[in-house]
Amino acid sequence: AAAVPEDAEIQLRYLARLFRAAVDADAALREDEAAWLRQRDEELRSRHASLLEQVPRLPSLMPRLLAAINDPGKGNARALAALLETDPVFAANVLGVVNGPALRVRREPIESLEQAVVILGLSGMREVIAAAAISPIVNFNRDRRLDGEAVKGLWSQSLDVAMAMRLAASRTGSAHGFALYLAGLTHASGLMALLRGVGSLTAAVPSGAFLSGLESLSRRYTVAIVRHWGLPEHTAHVLSCRTGARCSHPEAAMLEQAVSLMRACVLAQAGLLDQARLAALRQRLPDYAEGWCQGAAHG
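What counts as what
Counting from 1, residues in each chain are numbered in the order their sequence is written. Note on the predicted model: pLDDT of at least 70 is required for a residue's local features to be given, and 80 or more for side-chain atom pairs to be given and counted; whole-chain, interface and lining totals, by contrast, use all residues. Side-chain descriptors were evaluated using all non-hydrogen atoms of the structure, hydrogens and water having been removed beforehand. Here a strand is any run of E in DSSP of at least two residues, a helix any run of H or I of at least four, and the numbering for each starts at the N terminus. It is over C-alpha atoms that the radius of gyration is taken, and the globule rule equals 2.2 Å times the number of residues to the power 0.38. Buried means the residue's accessible area, taken with a 1.4 Å probe over protein chains only, is under 20% of the maximum for its type, while exposed means over 50%, and partly exposed covers the values in between. In this analysis, two residues are considered to be in contact whenever any of their non-hydrogen atoms come within 4.5 Å of each other. Every accessible area reported is derived by Shrake-Rupley at a probe size of 1.4 Å, with residue values counting cover from the shown protein chains alone. Here a patch means residues that are over 30% exposed by relative accessible area and free of salt bridges, tied together within 9 Å if like-charged and within 5 Å if nonpolar (Val, Leu, Ile, Met, Phe, Trp, Tyr). Salt bridge, as used here: a side-chain nitrogen of Lys or Arg that lies within 4 Å of a carboxyl oxygen of Asp or Glu. Whenever a nitrogen or oxygen atom comes within 3.5 Å of another N or O atom, the pair is scored as a polar contact, on the condition that within protein one atom can donate a hydrogen and the other can accept it, and that pairs from neighbouring residues in sequence are kept only if both atoms are in side chains. Here, the term nonpolar core denotes a set of buried Ala, Val, Leu, Ile, Met, Phe, Trp, Tyr and Cys residues that are joined through side-chain atoms within 4.5 Å. Simply put, an axis is a line fit to the C-alpha atoms, just over the touching stretch for a helix, and the angle between two N-to-C directions goes from 0 to 180 degrees. Here is the rule for angles: anything less than 35 degrees is roughly parallel, anything more than 145 is roughly antiparallel, 65 through 115 is roughly perpendicular, and the remaining ranges are oblique. Crossing handedness follows the turn of the near helix against the far one: under a right angle anticlockwise gives a left-handed crossing, and clockwise gives a right-handed one. Note on scores: pLDDT gives the predictor's confidence for each residue, bounded by 0 and 100.

*Asks:* Tell me what's going on with the overall build of the protein chain, and back it up with residues and numbers.
*Replies:* Of the regular secondary structure elements, the protein chain holds 14 helices and zero strands. When the elements of the protein chain are put in sequence order from the N terminus, they spell out α-α-α-α-α-α-α-α-α-α-α-α-α-α. Taking 19 Å as the expected radius of gyration for a compact globule of 299 residues, we find that the protein chain reaches 19 Å, a close match to that expectation. Each principal axis of the C-alpha atoms in the protein chain carries an extent, and together these give about 60 × 50 × 40 Å. Per-residue burial for the protein chain yields a buried fraction of 52% across its 299 residues. Of the contacts made within the protein chain by residues no fewer than 6 positions apart, 76% connect residues no fewer than 24 positions apart. For the protein chain, the exposed area adds up to about 13,800 Å²; of that, 50% sits on carbon and sulfur atoms.

*Asks:* Break down a nonpolar patch on the surface for me, with residues and values.
*Replies:* There is a patch of nonpolar side chains on the surface, built from V105, V118 and I119 and spanning about 260 Å² of accessible area. Note that I119 resides in helix α7 (residues 113–134).

*Asks:* Could you give me a rundown of the environment of E215, with the residues and numbers involved?
*Replies:* In this structure, E215 sits in helix α11 (residues 208–228). By relative accessible area, which is 3% here, E215 ends up buried. Remark: the alpha-carbon pair of E215 and A188, spanning 27 residues in sequence, is separated by 9.5 Å. Look past the residues within four positions of E215 in its chain and what remains in contact with it is Q11, L15, R242 and R263. A polar contact of 2.9 Å, which involves the side chain of E215, links it to the side chain of R219.

*Asks:* Could you give an account of the pattern of salt bridges, naming the residues involved and the relevant values?
*Replies:* Two side chains carrying opposite charge are able to pair once their charged atoms lie near each other. By the definition in use, this model includes 12 salt bridges. Here R30 and E33 are joined by a salt bridge, their closest N and O atoms 3.5 Å apart. Residue R30 is classed as partly exposed on the basis of its relative accessible area, which comes to 27%. D41 serves as the salt-bridge partner of R45, at 2.8 Å between the closest nitrogen and oxygen. Here D41 and R45 lie together in helix α2 (residues 31–45), a separation of four residues that amounts to about one turn. A residue is classified by how much of its surface remains accessible, and D41, at 18% relative accessible area, is buried. Bridged by salt links that share partners, the residues E215, R219, R242, E256 and R263 form one connected network.

*Asks:* I'd like to hear about the nonpolar core, residue by residue, with values.
*Replies:* In this structure, V94, Y181, L185, L195 and W292 are the most contacted members of the largest nonpolar core, which totals 103 residues. In contact with Y181, other than residues within four places in its own chain, are L103, E127, V128, A130, A131, A162, M163, M165 and R166.

*Asks:* Summarise the packing of helix α12 (residues 233–240) against helix α13 (residues 250–269); cite the residues concerned and give the values.
*Replies:* Contact pair α12 / α13: the axes reach a minimum separation of 8 Å and the direction vectors enclose 65°. When the interaxial angle is binned, α12 and α13 end up roughly perpendicular. Taken as a pair, α12 and α13 cross one another with a handedness that is right-handed. Between α12 and α13, the contacting residues are H234, V238 and L239 on the first element and E251, A252 and L255 on the second.

*Asks:* Help me get a handle on the confidence of the model for the protein chain, residues and values and all.
*Replies:* In this model, the protein chain carries an average pLDDT of 87, and 95% of its residues clear a pLDDT of 70 or more. In the model of the protein chain, helix α3 (residues 49–53) stands out as the element of lowest mean pLDDT, 68, in contrast to α13, which has the highest, 95.

Right, dumping it as structure tokens:
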């Protein structure tokens, strides 16, 4: 039988794929890498302004949009569409997400916001609006040492994790479905923010030890970003359980499983993980994970 890949192996291979040069998996942390990680750790601890400069602001419209969605008695398709249209750039983002491969609900493209509200309903639009608001974090001038397509794929993978969390929340009867969807959607936001700064590294080829440190630091950055954005406390709590904090939360374990599987699916699609090992990983997952990764929009 094929060996089940460990989380640490998936993590290393997935992060290595983001870099153009082949990663030296066994190399120890280099001096410039250690200094880079230390500087960002200090920025995080001190809540330095440069941390939040790496993170796009959520649209100023967000509180009004979420209020309209959370109070169905006050909203209707036309009113919500009109509110979205007051920010044309964001409105275009919303339509892009609606018609993207992860959330697409029908073959023909949805051509108007009002049509989107009617087809998706208010709960569906809440997910779309959240995705459209957070998606700009993946847009940045990438350093030459990063693989642009692989970095762009971080967002597709985040959407896949979000959809997996929504499905699992429904199957387990969780009262925190939207908060868990947001946890999946934002789980890589810290990594995306940190990748904006790799240009200051001097080594062309990252070490395996650096990638391990990058993963650990990015999880803590994610929690800081989620709190900065004012997302639900339950979302922040589930994400904080991935930072090595002393908490054993079943929904944090669920998120860890979803992230690991979606990363493994990306690797298998790229020919970097054996299909038999991917199948072994899927067989080990709980019942609530059935169907994860099928039809996922991998980047």
